Amino acid sequence: MKKIFVLLSAIWLGSSLFAQVDDDGATERPQKVVYNLIFNIAPDPFNIPLVGFVNLANGDFQSLQLGFVNTTFHDFHGAQISFVNSTFNDHYGLQMGFVNTTFAKSHHVQTGFINTAGSAQGAQIGFVNTSYKTLTGLQLGFINLARGKQLGAVKAEETLDGVQTGFVNATIGNAKGSQLGFVNLTSGKMKGSQLGFVNFADTVSGVPFGFLSIVRKGGYRAITLSVNEFYPVNLSFKIGVPKLYTFIQVGYNPNLDKRLATGGGFGTLLPISKSLYFNPEISSLTPLNYDHGMQISSLACNLSYQITPFLQISAGPSVTHAYFGKAETQFKPAYHFIDHKINDKNRLILSARAAIGITF
């Protein structure tokens with residue numbers, strides 16, 4: 001039944017009654033309006049902007065709430081701007097404050113220090129952003145969390161469908177899109193990319209880029225023993241996915257004053273057949289306790305053969321650039337095809353590499 005709302009008295013600097021009259025002329029119990037710029041209370045509906053220290057809407061609200069504390073107990077359409085903003089049902093529009101909370105679904109934008117939503121569809125921009133069910137859109141902050149289902153009970157649909165950008169990004173559930181940060185975590189399947197220093201996912205259908213990328217199912221992990229032209233013994237730990245993995249490396253040469261070198265790099269395994277792979281790697285080694293900035297940078301174009309599911313061998317040609325900080329510290333490679341001296345500090349060497357590895 002259509003209702004006609006009648007304002008019975010002025011609401012400036014005082015309290016008033018807000019009556020509801022139906023088509024039969026019957027008047028329902030009036031709802032109180034308090035509007036004094038300090039503590040404002042509005043009934044449902046009351047779509048006049050609420051400006052005050054505390055603004056309270058008892059039902060749906062469609063307008064502006066501007067103050068220190070804003071609260072709407074049902075749906076909100078418009079903007080809440082204050083220190084603390086709360087909407088107990090869906091919010092359509094903008095929440096801007098130090099703490100923003102939407103208990104149901106947040107549509108459009110939450111921006112503040114702490115942003116929380118039951119589900120977020122749009123953008124959360126703040127220091128800590130949390131969506132307790134699903135996130136469709138963007139989280140931009142220091143810590144971003146799309147909670148979804150608990151570990152071990154991942155839903156088939158995506159908890160994240162969009163982008164998380166921050167120092168720590170976490171999605172409990174499946175993710176579709178991108179995670180960009182220092183630490184990226186996805187407890188389910190990641191359909192997209194992770195770019196960070198540390199990446200973790202249960203499974204990945206895209207590519208993680210990072211110093212350490214851990215994929216629990218379908219990931220690539222290996223320990224390899226290799227030989228190169230400067231260090232006859234090299235031990236490497238490789239981790240990531242076959243499409244892109246990173247590794248750390250320690251080299252040893254008993255004939256040098258600086259016997260140990262450390263470094264790392266990245267590589268890829270491109271399948272040629274079921275057991276044969278093209279395996280290019282880019283790496284860099286630096287001698288320990290070396291005062292003159294020596295750097296050995298290499299590109300190796302290997303063929304890798306998977307003997308068993310846990311054992312692989314690889315070999316191929318390599319191109320190495322060796323930089324010596326001082327001319328008197330130069331030493332020649334143990335073996336090579338071509339050793340070209342560019343100047344007193346730089347050499348270019350064409351050689352070969354070989355390795356044996358254990359995958360797990």
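Read on for a plain summary of the structure. (Residues numbered from 1 in each chain as written. Predicted model: local features only at pLDDT ≥ 70, side-chain atom pairs only at ≥ 80, totals over all residues. Heavy atoms only, no water.)

Regarding the overall build of the chain
Then comes step 1: Along its length, the chain carries zero helices and 26 strands.
Then comes step 2: A burial count over the chain gives 44% of its 360 residues as buried.
Then comes step 3: Within the chain, residue pairs in contact and separated by at least 24 positions form 24% of the contacts whose partners lie at least 6 positions apart.
Then comes step 4: Carbon and sulfur atoms form 67% of the exposed surface of the chain, whose accessible area is close to 17500 Å². (Helix = DSSP H or I, 4+ residues; strand = E, 2+ residues; numbered from the N terminus. Buried < 20%, exposed > 50% of the residue type's maximum accessible area, 1.4 Å probe, protein only. Contact = heavy atoms within 4.5 Å. Areas by Shrake-Rupley, 256 points an atom, 1.4 Å probe, with all protein chains shown as cover.)

Brief notes about the side chain of glutamine 164
Then comes step 1: Here glutamine 164 shows up in strand E12 (residues 158-171).
Then comes step 2: Under the relative-accessibility criterion, glutamine 164 is labelled buried at 0%.
Then comes step 3: A polar contact of 2.9 Å, which involves the side chain of glutamine 164, links it to the side chain of glutamine 139.
Then comes step 4: For glutamine 164, the residues in contact, after removing those within four places along its chain, are Leu135, Gln139, Asn144, Leu145, Ala146, Asn169, Ala170, Thr171, Ser178, Gln179 and Leu180. (Polar contact = N/O pair within 3.5 Å; in protein donor to acceptor, adjacent residues only side chain to side chain.)

Focus: unusual backbone geometry
Then comes step 1: Even without glycine at this site, leucine 37 takes up a positive phi of about 70°.
Then comes step 2: Tracing the backbone shows leucine 37 in the loop between strand E3 (31-35) and strand E4 (39-42).
Then comes step 3: A positive phi angle, near 90°, is found at histidine 108, a position not held by glycine.
Then comes step 4: Tracing the backbone shows histidine 108 in strand E9 (residues 91-131).

Re the packing of aromatic side chains
Then comes step 1: Scanning the model with the defined rule gives 16 aromatic pairs in all.
Then comes step 2: Counting every residue linked through ring pairs, the aromatic cluster contains Phe53, Phe68, Phe83, Phe98, Phe113, Phe127, Phe142, Phe167, Phe182, Phe197 and Phe211. (Phe/Tyr/Trp six-rings, centres within 6.5 Å; stacked < 30°, edge-to-face > 60°.)

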